[in-house]
Amino acid sequence: MKTFKVSLHSHITNFVHFTLTKPNKKEYLEKLLRILFKKHGNLVLGITNFNDDKRYHKVLEATKFLSEKYMINKKYKNYFFSIELNNKKIYFVKTDEIETDNGHILIIGFNGKIRKRKLENVLKEAHKQKCVIIANHPLHSFGVSYFLIRKFLGKLKTISITKNELEKNKKYFDALELSSYFPEDWKKIEAFARKKNLNLVSDSDSHFLDEVFTSWYEAKNLNFETPQSFKKSLKKALRKDLYLHARKYSYFARYKHSFEVLLEKIGRKFGLIKI
């Protein structure tokens, strides 16, 4: 029985940079690989697109810069690829975080672009492809400062699905996420999951390399023979009691991420930053 260490909510990078600079994609990917290959066990890392910003495919494209010492399998590159070194293989999975009108959800195994933004429609579209669907950082309540920032940026959408929406759409969700960014929500999410017979995963929502695999969970017998077998095996694994490794970020980490988002939004608005 093979056990995998899984972290499927990880944005890592979209190679944003200041206008007169150029990111070193090879150096970045090699640094990520050094971090991952030092970790024990069989790793499955999600490279998470946000509203189809193509982060996964940018990382996939960056593999062309790697040396021949790495064995790369891209047979099912629209869903996942693997990189092997010294008989250790790491799987990189395309995952999609979608900003719906009622909160963020993570979709694993979708082929193509998710164009819809209404929660009900996105769930149905993902369900048609038998995708795994996870509620990202659910049940979180933000303070006034968050809404002021969102208003300044021209958006006021919530990032967390409410209890009512989860109850209404329960049949679509495979799990609820315990996010490293919001440890204050873990107890109420756990209580809600027990009450509604929903499963839990712990995930990092990592945006920086030092956050990769901060939180993760153990899943048994994942099958990467085909995209269909992977989705089916992941769904099966999530229905069981998973061993969660939930770790919280420091108080500073949340604000570091907020500053990153703010800098990118303002930079794009004034033409200082590009991808």
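Residues numbered from 1 in each chain as written. Predicted model: local features only at pLDDT ≥ 70, side-chain atom pairs only at ≥ 80, totals over all residues. Heavy atoms only, no water.

This brings us to the nonpolar core. If you look at the biggest cluster of nonpolar residues, it comprises 25 residues, and the most contacted ones within it are I105, I107, L166, F173 and L176. Secondary structure elements with two or more residues in this core: β7 (103-108), α3 (119-128), β8 (132-135), β9 (175-179) and α6 (186-196). When neighbours within four sequence positions are excluded, I107 is seen to be in contact with T95, D96, I98, I114, V122, A126, C131 and V132. Within the second largest apolar cluster, 24 residues are counted, among which are L29, I47, L66 and F213. (Core = buried A, V, L, I, M, F, W, Y, C linked by side-chain atoms within 4.5 Å. Buried < 20%, exposed > 50% of the residue type's maximum accessible area, 1.4 Å probe, protein only. Helix = DSSP H or I, 4+ residues; strand = E, 2+ residues; numbered from the N terminus. Contact = heavy atoms within 4.5 Å.)

Once that is clear, we can look at the side chain of E84. One can find E84 in strand β5 (residues 80-85). Lacking a salt bridge, the buried E84 has K89 as its closest oppositely charged neighbour, with an N-O distance of 4.3 Å. (Lys, Arg positive; Asp, Glu negative; His and termini not counted. Salt bridge = Lys/Arg side-chain N within 4 Å of Asp/Glu carboxyl O.)

For the rest of this paragraph, the subject is the packing of aromatic side chains. In the structure shown here, the tally under the stated rule is 13 aromatic pairs. Note on Y91 and F224: the rings are 3.7 Å apart at their centroids and 5 degrees apart in plane angle, and the pair reads as stacked. Residue Y91 is located in strand β6 (residues 88-100), and its partner F224 is located in the loop between β11 (216-220) and α7 (227-238); the two are separated by 133 residues in the primary sequence. The burial state of Y91 is the same as that of F224; both residues are buried. An angle of 20 degrees between the planes, with centres 4.7 Å apart, marks the rings of F224 and F230 as stacked. Judged by relative accessible area, F224 falls into the buried class, the value being 12%. In this structure, K25 packs its charged tip against the face of F15, placed 5.3 Å from the ring centre. (Phe/Tyr/Trp six-rings, centres within 6.5 Å; stacked < 30°, edge-to-face > 60°. Lys NZ or Arg CZ within 6 Å of the ring centre and 35° of its normal.)

For the rest of this paragraph, the subject is α7. With 12 residues, α7 should reach 16 Å at 1.5 Å per residue; the first-to-last C-alpha distance of 17 Å fits that figure. By the criterion of burial, α7 is predominantly enclosed, with nine of the 12 residues buried. Those residues of α7 that are buried lie in contact with β5, β6, β7, β8, β10 (200-203) and β11. (Expected span 1.5 Å × (residues − 1).)

According to the stated counting rule, one finds 14 salt bridges in the structure shown. A salt bridge links K118 to D101, with the shortest nitrogen-to-oxygen separation between them at 3.5 Å. Of this pair, K118 sits in the loop between β7 and α3 while D101 sits in the loop between β6 and β7, placing them 17 residues apart in sequence. Residue K118 is classed as partly exposed on the basis of its relative accessible area of 47%. Owing to a relative accessible area of 35%, D101 belongs among the partly exposed residues under this scheme.

This part is about helix α8 (residues 251-269). With 19 residues, α8 ought to run about 27 Å at 1.5 Å a step, and its terminal C-alpha atoms sit 28 Å apart, in line with that. When α8 is considered as a whole, its buried residues turn out to be A253, H257, E264 and G267. Seen from one end, α8 has its buried residues packed into an arc of 100 degrees, which puts them on one side. Those residues of α8 that are exposed and angled more than 90 degrees off the buried face are Y251, F252, F259 and K269. On its buried face, α8 sits against β13 (273-274). Of the residues trailing α8, G271 is marked for its positive phi of about 70 degrees. (Arc of directions from axis to C-beta.)

So, about the layout of surface pockets. Here the idea is plain: a probe the size of a water molecule rolls over the atoms and shows the empty space left. Its boundaries defined by the atoms lining it, the second largest pocket holds a volume of some 460 Å³. Lining the second largest pocket are 18 residues, and of these T13, N14, V16, F208 and E260 lie nearest its centre. When contributions to the lining of the second largest pocket are tallied by element, the ones reaching two or more residues are β2 (17-18) and α8. With three residues, the single largest contributor to the lining of the second largest pocket is α8. Split by residue class, the lining of the second largest pocket holds 10 nonpolar, five polar and three charged. (1 Å grid on protein atoms, 1.4 Å probe; cavity = no way out; pocket = protein on both sides within 12 Å on 5 of 7 lines; lining within 4 Å. Points joined across faces, edges and corners; volume = space filled by probe spheres on them. Nonpolar A, V, L, I, M, F, W, Y, C, P; charged D, E, K, R; others polar.)

What follows concerns the pairing of strand β3 (residues 42-50). Most of β3 sits inside the fold, with seven of its nine residues counted as buried. Relative to β3, strand β1 (residues 3-7) is paired through four bridges, and the arrangement is parallel. Paired with F4 across the bridge in β3 is N42. (Pairing = 2+ DSSP bridges.)

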